[in-house]
Amino acid sequence: MKIGIIGTGYVGLVTGVMLSRKGHNIKSIDLNPKIVEKLQSGICTIHESGLEKHLGDSLKESKISFSSDYKDLVCSDAIFICVGTPGNEDGSANLGYVYSAISSVIEICDESTLIIIKSTVPPTSAVKFQEFIRQKGKKHLVTSSPEFLREGSAVFDFENPDRIVCGITDEYQKEIFNKIYYYIDIKKTPIIFTDTTTSEMIKYSSNSFLSVKLSFINEMANLCEKIGANIDDLSKGMGMDKRIGSLFLNAGPGYGGSCFPKDTNALEYLASKNEIETLVLSSSIKSNLSRYSMMRDKIMSFVLSGSTITALGMAFKAGTDDVRDSPAVNIIKLLVQENFMVQCCDVAGNQNFAGLNLPNCTVHDNPYEAMHQSECIVIFTEWDEFKNLDYKKASSIVKNKLIIDLRNLLDYEKVTEAGFKIVNIGKNLNK
Ligand code: UGA
């Protein structure tokens, strides 16, 4: 099929490249000519394991091309809109880029081109987009197919989805979706067809439910710490119950990234506009926000303000270079306000973090260099690379021989043998 993709961020690039690997002919549009130039020459503009190889293969086979010209979308069977929907001050989602993409599509493409919204948009958006198109005197149809890819494992998730969700308004659209997703083995991966608003609700509720799970386990970690229980064993014990499930039960410095904080706020906003109370969701948002200052206080109960410390990890999680709404960044900002000097090192996120230009922070490619003159190490992101550092070498550099491990990443025996004292989340092993 001829498929257009608008936007080459995490969602658009992965979707476009991976659909091209399935044999579809993809035209990808991004208004930034620098991004287009890089992608067209095979350079991946996001850090996503395995994606660059697929991009190169599809470029070689002429299955994908990139441009800034919407005219390239003429004759598309379907167009995925994958532009950003940043959060507004009041928590609502800003749909300006989506409206602008839709306006361009209905100007350029004929009415048989199906519009598919993959950007994360609040429930009822597709209905509003449809009305917007109708008011412009056009008949293009709008559907929804939210994405559930995780940054850092998006290629794997694309190949192994738990489900595909399609929001449609008639049976013909079902046929088009079946053609797009022809490669899905429906015995392994169900395709759910529903109305567009429910499709959008599935996306928001899924992200919000996972956020609630995380806030819950983080609060249990606080209690474990107080009463001498072990959060890792607690998570294991709870997770073995199939009704609960073992994933998203790792306690940490709070959830972050470009999706959970934004999507939970937007769902809360939508509910309040509809006069629906979301006590669980709202408490979870509040709980997560309080986590950052709690982590600052935890660090300050071991290290004097004004000290130099080492931050290992600024990306919002391992496997990505993304520092947007990263718990690490939010906590580092609070530490800087307390006059800490923070020597930072991430595996992939150094460049993005440096771009934030935070005062009193230095950025280092070499983790050992980030430890010089430092009072302690704080682990913010669960990179394997940090798990496997030479902690004997590290203990000869760090002044106080203290590690505050906000991800419970490190092996207790290994680091204590190397001479470190370790402080964890939700457990106290130094009894
Ligand atoms: C999330 C969802 O998991 C995807 O399904 C969804 O498609 C995506 O948002 C989106 O809406 O685009 P992502 O933001 O890449 O994906 O990150 P997650 O892997 O879900 O992690 C979110 C946050 O939770 C991170 O800060 C992570 O460190 C934290 N987390 C996750 C924990 O603290 N503990 C865990 O056990 C799991």
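Refer to the structure above for everything that follows.
Structural notes, computed from the coordinates. (Residues numbered from 1 in each chain as written. Predicted model: local features only at pLDDT ≥ 70, side-chain atom pairs only at ≥ 80, totals over all residues. Heavy atoms only, no water.)

As for the pattern of salt bridges
Across all of its chains, the model carries 15 salt bridges by this definition. Across the pair Arg 150 and Asp 157 runs a salt bridge, and its minimum N-O distance is 2.6 Å. The partly exposed category is assigned to Arg 150, whose relative accessible area is 38%. Residue classification places Asp 157 among the buried residues on the basis of a relative accessible area of 10%. (Salt bridge = Lys/Arg side-chain N within 4 Å of Asp/Glu carboxyl O. Buried < 20%, exposed > 50% of the residue type's maximum accessible area, 1.4 Å probe, protein only.)

Brief notes about the nonpolar core
With 37 residues, the main nonpolar core has Leu 13, Leu 19, Leu 51, Phe 66, Phe 80, Ile 180 and Tyr 181 as its most contacted residues. The leading source of residues in this core is helix H1 (residues 10-21), at seven residues. Excluding residues that lie within four positions of it along the chain, Leu 13 makes contacts with Gly 7, Thr 8, Leu 39, Cys 44, Thr 45, Ile 46, Leu 51 and Phe 66. One finds Ile 231, Met 295, Leu 335 and Phe 380 within the second-largest nonpolar core, a separate group that totals 36 residues. (Core = buried A, V, L, I, M, F, W, Y, C linked by side-chain atoms within 4.5 Å. Helix = DSSP H or I, 4+ residues; strand = E, 2+ residues; numbered from the N terminus. Contact = heavy atoms within 4.5 Å.)

Let's talk about the site of the ligand
Surveying the vicinity of the ligand reveals 19 residues, the closest of which are Glu 147, Leu 149, Glu 151, Lys 203 and Asn 207. Bound to the protein, the ligand loses 92% of the 720 Å² it would expose on its own. Residue contributions to the shell around the ligand peak at three residues, all from helix H8 (residues 196-227). Partitioning the shell around the ligand into residue classes produces nine nonpolar, three polar and seven charged. (Near = heavy atom within 4 Å. Areas by Shrake-Rupley, 256 points an atom, 1.4 Å probe, with all protein chains shown as cover. Nonpolar A, V, L, I, M, F, W, Y, C, P; charged D, E, K, R; others polar.)

Quick look at the pairing of strand E13 (residues 402-405)
Judged by which residues are buried, E13 turns out to be covered on both faces: Leu 402 and Ile 404 on one side and Ile 403 and Asp 405 on the other are all buried. As judged from the three bridges shared by strand E12 (residues 377-379) and E13, these two strands associate in the parallel manner. When the sheet's bridge partners are listed, Ile 377 is paired in E13 with Ile 403. Pairing geometry for E13 and strand E14 (residues 421-423), over three bridges, is parallel. Directly across from Ile 403, in E14, lies its bridge partner Ile 422. The parallel pair E13 and E14, bridged by helix H16 (residues 412-417), forms a crossover whose chirality is right-handed. (Pairing = 2+ DSSP bridges. Right-handed = clockwise from strand over helix to strand, strands pointing away.)

Regarding the sheet that holds strand E10 (residues 341-345)
Read from one edge to the other, the open sheet built from six strands follows the order E11-E10-E9-E12-E13-E14, with strand pairing classed as parallel. Both outer strands of the open sheet, strand E11 (361-363) and E14, are each paired with one neighbouring strand and no more. Sheet twist, expressed as the average angle between the axes of neighbouring strands with direction ignored, equals 25°. Contacts from helix H12 (residues 327-337) reach strand E9 (308-312), E10 and E11 within the one sheet, and its direction differs from that of E10 by about 155°. (Axes fitted to C-alpha atoms, helices over the stretch in contact; angles between N-to-C directions.)

Some thoughts on the packing of H8 against helix H9 (residues 231-239)
Two elements in contact, H8 and H9, have axes separated by 9 Å at closest approach and are oriented at 135°. With respect to H9, the element H8 is oriented oblique. Along this stretch, H8 crosses H9, giving a crossing that reads as right-handed. Across from Phe 216, Ile 217, Met 220, Ala 221 and Cys 224 in H8, the residues of H9 making contact are Ile 231, Leu 234, Ser 235 and Met 238. In terms of residue class, the contact of H8 with H9 is built from eight nonpolar, one polar and no charged. (Parallel < 35°, antiparallel > 145°, perpendicular 65-115°, else oblique. Left-handed = near helix turned anticlockwise from the far one by under 90°.)

Shape is all these values report; function is a separate question.
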